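# Coordinate analysis (summary)
Spelled out, the chains give:
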Amino acid sequence: MYPSLTVITVDKPTTLREFIKDLGENFLYAYDMRVIGVLVNKRRLWPSSRLKPGDRVVVFPVIVGG
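Notes on the structure follow. Quantities reported herein were computed from a predicted structural model and do not represent experimental measurements. (Residues numbered from 1 in each chain as written. Predicted model: local features only at pLDDT ≥ 70, side-chain atom pairs only at ≥ 80, totals over all residues. Heavy atoms only, no water.)

With that settled, the discussion passes to the sheet that holds strand β3 (residues 36-40). Read across the sheet, 3 strands follow the order β1-β5-β3 without closing on themselves; strand pairing throughout is antiparallel. Two strands lie at the open edges of the sheet, namely β1 (6-9) and β3, each paired on one side alone. Taking the axes of each pair of neighbouring strands and ignoring which way they run, one obtains an average angle of 15 degrees across the sheet. Alignment of β1 against strand β5 (residues 56-61), held across 4 bridges, turns out to be antiparallel. Within the sheet, the bridge partner assigned to Thr 6 lies in β5 and is Val 59. Strands β1, β3 and β5 of the sheet are contacted by helix α1 (residues 16-23), whose axis makes an angle of about 125 degrees with β3. Against the sheet, helix α2 (residues 25-32) contacts β1, β3 and β5, and its axis sits at roughly 100 degrees relative to β3. (Pairing = 2+ DSSP bridges. Helix = DSSP H or I, 4+ residues; strand = E, 2+ residues; numbered from the N terminus. Axes fitted to C-alpha atoms, helices over the stretch in contact; angles between N-to-C directions. Contact = heavy atoms within 4.5 Å.)

Our focus in this paragraph is the pairing of β5. Sheet topology note: the β3/β5 ladder contains 5 bridges and is antiparallel. Within β5, the residue paired with Val 40 across the bridge is Val 57.

Read these as geometric descriptors, not functional statements.
So, in structure tokens, the structure goes:
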């Protein structure tokens, strides 16, 4: 199952990976398998990047063909 487009505002300081982990097991698995993309304030960040309250996180499915 691919998570659908999701837009969330960060409530507390955390790392990007921990934030995705808090969204649920499906999101973390999809993130690790690189089938979803994550933008923070319209930028790609490393999983270890620190997020601040008020940051806008967009999670979207990656569509590929072949």
